[in-house]
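Here's the letter readout for the chains.
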Amino acid sequence: MRTRRNLTRAASRLAAAVLLACVAAETPAAVISPLSASPSGRRSDAAYTIGYDFTVGATNQTINALGIEDITNSGAAGYGDGLVTRHAVGIWNASGTLLASVNVAAGTQATLVNGFRYEPIAPLTLVAGQTYTIGATMGAGIEYFSDGGTAANYAAASGFTLSNARYAGGGTLTRPTSNGSTGGGVNGRWSGGNATFIANPALPVPSESMLLNSAHTGNRSDYTGAVGFEFTTANRTTTIEALGFYDSGQDGLATSHRVGIWDGSVELGQVVVQAGTASTLIGDFRYQTLWSSITLLANHTYQIVAEVINGGDAWLDTAVPSPGTFNFNPEFAGYSFGRGAYSASFSAPTNYSAGRLYVAPNLLIAVPAPAALPAGLSLLALMPSRRRRA
């Protein structure tokens, strides 16, 4: 019976992987793209939110990532040498409502696509015929952005139309409303961030989660912010393929949740586990694959946290560890728990609780498939023969 159950579970995971692979084939373009590998007018002169307006064409468009251009800071032309600091990027509708925002991590952690580094958001549908504004923060003397002046540096992708360049003063993310067009309304003079759809790769099959549980006690839903825990790896490296959020009833999530992993103050990666049943259920967690896998160092301490909402989806608060609750999967032998971790917003944890384990997040690794038998060799051939006694 157990073998049949395991085969059924493996088949369901494979079906989910095939479905995700099909979705991955439908990746639309970003809202804007650089016209040149050497954008003109490098600037780093003041603190702004830089942006632009754009209008969606005749067909709705779905995005799941916001990003900022990673223009070289060395003086050389080009993209992709890493961001000096973290940048906030947001998207607003025509009424001024902030629909989504991200903090794009410093360095090279965020996914780089065609000159822009992206962080995930919950899938957002941009409605045909509607106008939106994208803006990204830029600090004075910190990060370069490009300004084409009377010439465009960027062009809108098919399905989008650029209109006014926009800006707002100050170092915090603000909807940019001041008109930044010059030379008769040139559009695309600066990037001000970007939006796109990046398909997550399929979950690995087979795979194993870090935490295993055997009870559902200690559910909470009374905090808004991020909760999770510290853990320390064993004397080997580990490659993470996906992050997940606890689904207490295994019946779907009320809202989407960001889940991220940090090395101190450095974000290593994050995902958005989607509302409902869109993200793959394995055990008691729904998983979303990382755009790029993460390698954890041996004998190193990390923090993993998930976004939670007061009155929203439940998570667990339990002792570290307590019999009958959560323990490490045998694949993670040698790992150890640290403290419970939490913060008032989705960010690197700022508060810790000794002896507690806040189980909202989990992570997933790929495990090697069983080795195939040599050609021409069957299981029966490996079984000892039994001679019937007379």
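Scroll up a little and you will see the structure.
Colleague: Mind showing me how you'd approach the overall build of the protein here?
Modeller: Of regular secondary structure, the protein possesses two helices and 30 strands. Out of the 390 residues in the protein, the part that is buried amounts to 46%. For the protein, the proportion of contacts with a sequence separation of at least 24, taken over those separated by at least 6, is 79%. Of the roughly 17,500 Å² of accessible surface on the protein, a fraction of 52% belongs to carbon and sulfur atoms.

Colleague: Mind showing me how you'd approach the sheet that holds strand 29 (residues 356-359) here?
Modeller: Hydrogen bonding along the main chain pairs the strands of a sheet, whether they run parallel or antiparallel. Spatial strand order, 17-25-29: three strands in an open sheet with antiparallel pairing. Sheet topology places strand 17 (219-220) and strand 29 at the edges, where each strand pairs with a single neighbour.

Colleague: Help me understand the pattern of salt bridges in this model?
Modeller: Side-chain pairs of opposite charge can arise where the charged atoms are in close proximity. Scanning the entire structure with this criterion turns up eleven salt bridges. Linking arginine 189 and aspartate 147 is a salt bridge whose minimum nitrogen-to-oxygen distance equals 2.8 Å. Taken together, the residues span a long stretch of sequence, with arginine 189 in the loop between strand 13 (178-179) and strand 14 (194-196) and aspartate 147 in the loop between strand 10 (145-146) and strand 11 (154-156) at a distance of 42 residues. On the accessibility criterion, arginine 189 (8% relative accessible area) is buried.

Colleague: How should the nonpolar core be read in this particular structure?
Modeller: Inside soluble globular proteins, nonpolar side chains tend to come together where they are buried. Judged by nonpolar contacts, the single largest core of 42 residues is most densely connected at Met210, Phe231 and Leu363. If sequence neighbours within four positions are ignored, leucine 363 has contacts with Glu208, Ser209, Met210, Phe231, Ile240, Ala242, Leu243, Ile261, Tyr287, Ile304 and Phe332. Membership of the second largest hydrophobic core comes to 38 residues, among which are Tyr48, Ile91, Val102 and Ala110.

Colleague: Honestly, the sheet that holds strand 21 (residues 266-273) in this entry has me stumped. Any pointers?
Modeller: Taken together, the six strands give an open sheet; going across it, the order is 21-20-24-18-27-28, and neighbouring strands pair in antiparallel fashion. Strand pairing shows two members of the sheet lacking a second neighbour, strand 21 and strand 28 (351-353), which therefore form its edges. Averaged over neighbouring strand pairs, the angle between their axes works out to 25° when direction is ignored. Across eight bridges, strand 18 (residues 225-232) lies against strand 24 (residues 301-308) in antiparallel orientation. Residue pairing for strand 24: threonine 232 is matched across the bridge by threonine 301.

Colleague: Which parts of the structure should I look at to understand the side chain of asparagine 329?
Modeller: Note on placement: asparagine 329 falls in the loop between strand 26 (326-328) and strand 27 (336-343). In this structure asparagine 329 comes out as buried when scored by relative accessible area, which is 4%. Aside from chain neighbours lying at most four places away, what touches asparagine 329 is Glu208, Ser209, Met210 and Leu212.

Colleague: I tried to follow the packing of aromatic side chains on my own but got confused; where do I start?
Modeller: Within a pair of aromatic rings, the relevant descriptors are the distance that separates the centres and the angle that separates the planes. Within this structure, the stated rule accounts for 21 aromatic pairs. Ring geometry for tyrosine 48 against tyrosine 167: centres 6.0 Å apart, planes inclined by 85°, an arrangement best described as edge-to-face. Here tyrosine 48, found in strand 3 (residues 48-56), pairs with tyrosine 167, found in strand 12 (residues 160-169); they are 119 residues apart in sequence, far enough to count as distant. Note on phenylalanine 285 and phenylalanine 326: the rings are 6.2 Å apart at their centroids and 75° apart in plane angle, and the pair reads as edge-to-face. With phenylalanine 285 in strand 23 (residues 285-296) and phenylalanine 326 in strand 26, this pair connects stretches of sequence that are 41 residues apart. Residue classification places phenylalanine 285 among the buried residues on the basis of a relative accessible area of 2%. Note that arginine 339 overlies the ring of tyrosine 352, its terminal NZ or CZ placed 3.8 Å from the centroid.

Colleague: Got a minute to help me understand the side chain of asparagine 153 in this structure?
Modeller: If you trace the backbone, asparagine 153 turns up in the loop between strand 10 and strand 11. On the basis of relative accessible area, asparagine 153 is assigned to the buried category, the value being 7%. Engagement of the side chain of asparagine 153 in a polar contact is seen with the backbone oxygen of arginine 189, the distance being 3.4 Å. With residues up to four places along the chain from it excluded, the contact list for asparagine 153 reads Ser33, Pro34, Leu35, Ser36, Pro39, Ser40, Ser146, Asp147, Gly148, Gly188 and Arg189.

Colleague: Explain the environment of serine 178 to me, please; I cannot follow it from the model alone.
Modeller: In this fold, serine 178 is placed in strand 13. Relative accessible area serves as the criterion here: at 30%, serine 178 is assigned to the partly exposed category. Residue contacts for serine 178: discarding those within four places in its chain leaves Ala165, Arg166 and Tyr167.

Colleague: Would you take a moment to explain the environment of glycine 334 for this structure?
Modeller: For glycine 334, the position within the fold is in the loop between strand 26 and strand 27. Assessed through its relative accessible area of 57%, glycine 334 is described here as exposed.

Colleague: What is the right way to read the pairing of strand 20 (residues 257-263) from this model?
Modeller: Regular strands show a simple pattern: their side chains alternate between the two faces of the sheet. The buried count for strand 20 comes to five of seven residues, which makes it a mostly enclosed element. The antiparallel hairpin formed by strand 20 and strand 21 contains two residues in its connecting segment, where glycine 264 sits at a positive phi of about 70°. Judged from the four bridges that link them, strand 20 and strand 24 form a sheet pairing that is antiparallel. From the neighbouring strand, isoleucine 261 faces strand 24, where its bridge partner is isoleucine 304.

Colleague: How do you make sense of the pairing of strand 23 when you look at a structure like this?
Modeller: Most of strand 23 sits inside the fold, with nine of its twelve residues counted as buried. As paired strands, strand 19 (residues 238-246) and strand 23 are joined by eight bridges and run antiparallel to one another. Among the inter-strand pairings, threonine 239 is bridged to a residue of strand 23, identified as threonine 295. Two elements, strand 22 (residues 280-282) and strand 23, share three bridges in a ladder whose sense is antiparallel. Its bridge partner being in strand 23, leucine 281 is matched across the sheet by arginine 286. The turn joining strand 22 and strand 23, which pair antiparallel and follow one another in sequence, is formed by two residues; a positive phi near 65° is taken by glycine 283.

The rules we used
Residues numbered from 1 in each chain as written. Predicted model: local features only at pLDDT ≥ 70, side-chain atom pairs only at ≥ 80, totals over all residues. Heavy atoms only, no water. Helix = DSSP H or I, 4+ residues; strand = E, 2+ residues; numbered from the N terminus. Buried < 20%, exposed > 50% of the residue type's maximum accessible area, 1.4 Å probe, protein only. Contact = heavy atoms within 4.5 Å. Areas by Shrake-Rupley, 256 points an atom, 1.4 Å probe, with all protein chains shown as cover. Pairing = 2+ DSSP bridges. Salt bridge = Lys/Arg side-chain N within 4 Å of Asp/Glu carboxyl O. Core = buried A, V, L, I, M, F, W, Y, C linked by side-chain atoms within 4.5 Å. Axes fitted to C-alpha atoms, helices over the stretch in contact; angles between N-to-C directions. Phe/Tyr/Trp six-rings, centres within 6.5 Å; stacked < 30°, edge-to-face > 60°. Lys NZ or Arg CZ within 6 Å of the ring centre and 35° of its normal. Polar contact = N/O pair within 3.5 Å; in protein donor to acceptor, adjacent residues only side chain to side chain.

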